[in-house]
Structures are given as C-alpha cells and as structure tokens.
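Residues per chain are reported as follows:
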Amino acid sequence: MMNKIIVLSGAGISAESGIKTFRDSNGLWENHSVEEVATPQGFSANPTLVYRFYNQRRAQLLEGKVKPNAAHFALSEFESYYPRHTHIITQNVDNLHEQAGSKNVLHMHGELLKAKCVTTNRSFSVDFNFDEHIPCPCCDKKGSLRPDIVWFGEVPYYMEEIEALIEQADVFISVGTSGSVYPAAGFVQLANAVGAHTIEVNISPSETKNAFAEHRYGLASEVLPKLLNELRSAEPI
C-alpha cells in the first residue's frame, strides 16, 4: 500500500499552458537574460525592468491568459482521491496547480502572486502591479517591496518540509524538470535513499535520468494522466 506520492513539477508542465521557460530559448526568459530578471544583482542594477517583467508575468495569470492543462488537472484529481497522501513540490512560480484545484502545493521558488518586504521579510498576496513607488503594507516604505521569487543565488523556500515529505515517499514523480537546477535536481537521490520508486516524466531525458528507476517520455498532459490512473488502479491507498 502506498503511503505518500510526492510530485516534483518543473517548467515543462507549465510550458504546455503557454508559459515560456528560459532553458528552452538560449538562456532567455521571455526575451530577457536570466541575469537581468532573476538575480539579486539584476534587481539592484535595474529594478524598473525587474518590476515590469514580473508585473507582466503576473498579469498573464490574473487576466486568464494561461490556464492549467491536463497534467495539472490530473494531479488535482489524484489529490482529491488521496488528499492526505499526495503532495506537490513545484519549482514553478505560476499558480496553475492551484487553478486546477490542487491544495497540497509547496512553491520552493516563490510565487508570482506574492510580494515580499525586504525590510521585514514578510510576504503578501498581490493581485496588482507594484514597483518602487508603491508603499509596503507592513513598513509603509516605498521601494521595500520586491517580487517574492527565489532568484538564482538565493535559498529556496520550504527545504525542511520538502525533505521531510520526500523521506516519507513511497513514489516520487518528477515531471517537466531539466535536472539541472539544484537543490531540486538532487531530490531524486533522497527519494532513492529512502527506497521510494522514482519516476521521470518529461518531454525528453533530463540530466538526472540515470537516477530514476522508471521513465515516461512525452507531453506531460498526455503521459502524467495515464501514469496517475495506473497508480490508482494498481495500488489503492
């Protein structure tokens, strides 16, 4: 009997919904270099550009320009059957898992629909554009708010909770990840260490493909629903 299904989702699962990834376009994310828009140094050098970039990404979600796909809905449906046993760890900063109905989601790289105060380190849900001219809700200072995104060189969120979940995993599924960004790329090794069955779901083999016991290649929207149906049929929880 399976006790815990842990799913690590990466950019590949959202790409089918129209959200671009920098790893698919010569190091560019929506025509900007990662160094410009996804590092603390880029924010210090050109905050106006960074605010504008994330405001545009946030608008995609708020205006309904991108929607969950079949892979997101399959995970939500699976969780609805096994709510205490299914957990999603996502590297994605969009809210497509939540739009699809998933509740047990940890955003290790932050969220587009949140802002963070650099003075108090508090996070706030936001459904509006903000920049250096908007006062922070907690300290009332202008310029204190930044996107609540974990940029390159920063420590991901929820690491203790994530490691605890993986240590309880019976099945660990990595879907749409490149296997090149750590610490997420190392989660499969932790899952292997505790005896979990590890499955890679991807459009093509990742950099960590050899660490997985099983591989399913193709579009996440096609492969993941089939895999989750197999798990439901094979081993009732």
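Residues numbered from 1 in each chain as written. Predicted model: local features only at pLDDT ≥ 70, side-chain atom pairs only at ≥ 80, totals over all residues. Heavy atoms only, no water.

Colleague: Would you explain the sheet that holds strand β7 (residues 123–125) in this entry?
Modeller: Remark on secondary structure: sheet strands pair via backbone hydrogen bonds, oriented parallel or antiparallel. The strand order across the open sheet formed by 3 strands is β7-β6-β8, and the pairing between neighbours is antiparallel. Strands at the two margins of the open sheet, each flanked by one partner only, are β7 and β8 (145–149). The sheet shows a mean angle of 45 degrees between the axes of neighbouring strands, direction not considered. Along the sheet, helix α4 (residues 47–62) makes contact with β6 (110–117) and β8, crossing β6 at roughly 135 degrees. (Pairing = 2+ DSSP bridges. Helix = DSSP H or I, 4+ residues; strand = E, 2+ residues; numbered from the N terminus. Axes fitted to C-alpha atoms, helices over the stretch in contact; angles between N-to-C directions. Contact = heavy atoms within 4.5 Å.)

Colleague: Before we go on, may I ask you to explain the pairing of β6 in this structure?
Modeller: Summarising burial for β6: 6 of the 8 residues are buried, a large majority. Relative to β8, β6 runs antiparallel, the two sharing 4 bridges. Following the sheet pairing, A115 is matched in β8 by P147. Here 3 bridges tie β6 to β7, and the two strands are oriented antiparallel to one another. Paired with K114 across the strands is S125, a residue of β7. (Buried < 20%, exposed > 50% of the residue type's maximum accessible area, 1.4 Å probe, protein only.)

Colleague: Can you walk me through the packing of aromatic side chains in this structure?
Modeller: What describes a pair of aromatic rings is the distance from one ring centre to the other and the angle between the planes of the rings. Across all of its chains, the model carries 8 aromatic pairs by this definition. Aromatic pair F78 and Y82: ring centres 5.0 Å apart, planes at 65 degrees, arrangement edge-to-face. Pair check on accessibility: F78 and Y82 agree, each one buried. Seen from their ring centres, Y81 and Y82 are 6.3 Å apart, and the 45 degrees between their planes marks the pair as tilted. R146 extends its terminal NZ or CZ atom over the ring of W151, reaching a point 3.8 Å from the ring centre. (Phe/Tyr/Trp six-rings, centres within 6.5 Å; stacked < 30°, edge-to-face > 60°. Lys NZ or Arg CZ within 6 Å of the ring centre and 35° of its normal.)

All quantities given are derived from atomic positions and should not be read as evidence of function.
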